Each structure stands twice: as structure tokens, then as C-alpha cells.
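Chain and residue survey
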Amino acid sequence: MKTVYFVRHGESQANRDGVIAGDGIDSPLTDIGRDQAKSVAEELRSKGIDLVVSSPKSRALDSAKIIANVIGYDSDKIVIIPELTERNVGEATGMKRDEYFEREKNGPPITGADSKQEMYEKVKRGLDKLRALPAENILVVSHNGTGRMVQVIAENRQPEEMSTVKQLQNSSIYRFELV
């Protein structure tokens, strides 16, 4: 059994601007986001992390590199798993957060976005790749939507329940066992 520490990236410019980046905008970390990554790294220092994995988006990868440097992990050995990137939000890319979550909840449907089922299947493939890697204490640095779907999968819930799962704050940790 593997222990996974899932960390949402530090604050990005899109977070600061209150817009949805999704998979469509590669929004960089802010200075606050870099500080958040350093802070969460201190919490992870004693966890015996033997593998660091990241989404390919710069806000996640830069957070992963900062954390890796603090915990003494070689940042050149970070494994990128594309299936653990953020959800494609289609026409909602760049949309204000409040409007996005209102549309997610009450409609109309967002054109071009990954369905919850598609997101579920993508994240499940990413977790299968993670399962195959030779490590016991794994840090995954990724995104809020991905983290919410990870929680759905880890808690044996249904894909449609993604919207009801608690959102992850920047640089927060969700720990779970990957069996």
C-alpha cells in the first residue's frame, strides 16, 4: 500500500485574479504561491517522501520543485503524469470563479468541458500510473479539480459527486492510501 500526499499548487495568477484556468491556461505562481509551497514543504519534510510527481502545468511543477528542494528531493527526478493535470473546462477557461461554479451547479452546461466521467477516467489512469511506480510515500502536486476527483476515487464515490467534495485550498494536503 502506498501513502500519497496530494498537494494543490500554490496560489497562481489565475487564482489571484479570481478566474478559472483549468487545463487551458498555464497560469504561473505568484510570490504568495511560492511562499505557500515553501510552507507546505515544511509540513512534508518528515514524511519520508521517496517520489515526487507533478502535473505538467507550471503552477504545479514549480510548486513541486520548490517542495522537492526543501525536503531534499532531487527536483530533476520529478515524474510528470499528464493525466493528473487540471480538468479541461472548455468555454469556461478564463471565466470568473463565481460564474463558473454557478454554471456547474445550475447550468447551462459548459461547452467543450470534460464531463465528470471523463475527468474520473483520466484521473483513474493517472493513479494507475502512480500505483505502478516503485515508491511508498508519494507526493503528488496538482490542481483543485484533480484533487477533488482524487478524493472521489479514494473514497469510492461516484464521478458526479465531484462537485460536492470539499475544494482544496492552495498548498493544502489531502492524504490517502493508494491500494
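Higher on the page you've got the structure.
Here's a quick rundown of the structure. Since the structure is predicted, the reported quantities are computational estimates derived from the model, not experimental observations. (Residues numbered from 1 in each chain as written. Predicted model: local features only at pLDDT ≥ 70, side-chain atom pairs only at ≥ 80, totals over all residues. Heavy atoms only, no water.)

Brief notes about the overall build of the protein chain
In terms of helices and strands, the protein chain carries six helices and five strands. Ordered by position from N to C terminus, the α and β elements of the protein chain give β-α-α-β-α-β-α-α-β-α-β. Computed over its C-alpha atoms, the radius of gyration of the protein chain comes to 15 Å, within 12% of the 16 Å expected for a compact globule of 179 residues. Each principal axis of the C-alpha distribution contributes one length, and for the protein chain these read about 45 × 35 × 25 Å. Across the 179 residues of the protein chain, 51% fall into the buried class. Accessible surface computed for the protein chain: about 8,400 Å², of which carbon and sulfur atoms make up 47%. Side-chain charges of the protein chain comprise 26 positive and 28 negative groups, with the mean position of each set lying 2 Å from the other. (Helix = DSSP H or I, 4+ residues; strand = E, 2+ residues; numbered from the N terminus. Rg over C-alpha atoms; globule rule 2.2 N^0.38 Å. Buried < 20%, exposed > 50% of the residue type's maximum accessible area, 1.4 Å probe, protein only. Areas by Shrake-Rupley, 256 points an atom, 1.4 Å probe, with all protein chains shown as cover. Lys, Arg positive; Asp, Glu negative; His and termini not counted. Charge placed at Lys NZ, Arg CZ, Asp CG, Glu CD.)

Topic: the nonpolar core
The biggest cluster of nonpolar side chains holds 44 residues, and the ones touching the most others in it are Ile67, Leu130 and Leu139. At the level of elements, strand S1 (2–8), helix H2 (31–44), strand S2 (51–54), helix H3 (58–71), helix H5 (116–131), strand S4 (137–142), helix H6 (144–154) and strand S5 (173–178) are the ones that each hand at least two residues to this core. Per-element accounting of this core gives the leading share, seven residues, to H3. Residue contacts for leucine 139: discarding those within four places in its chain leaves Tyr5, Val7, Leu44, Ile49, Leu51, Val52, Val53 and Ile67. In this structure, Ile20, Val89, Ala92 and Met95 belong to the second largest nonpolar core, which totals six residues. (Core = buried A, V, L, I, M, F, W, Y, C linked by side-chain atoms within 4.5 Å. Contact = heavy atoms within 4.5 Å.)

Remarks on the pairing of S1
Within a regular beta strand, the side chains point alternately toward one face of the sheet and then the other, so they alternate between its two faces. Across the seven residues of S1, seven count as buried, placing the element largely inside the fold. Here S1 shows no split at all, with Lys2, Val4, Phe6 and Arg8 on one side and Thr3, Tyr5 and Val7 on the other all buried. Note that S1 and S5 share six bridges and pair antiparallel. Residue pairing in the sheet places valine 4 in a bridge with phenylalanine 176 of S5. The sheet contact formed by S1 and S4 spans six bridges and is parallel. Its bridge partner being in S4, valine 4 is matched across the sheet by isoleucine 138. (Pairing = 2+ DSSP bridges.)

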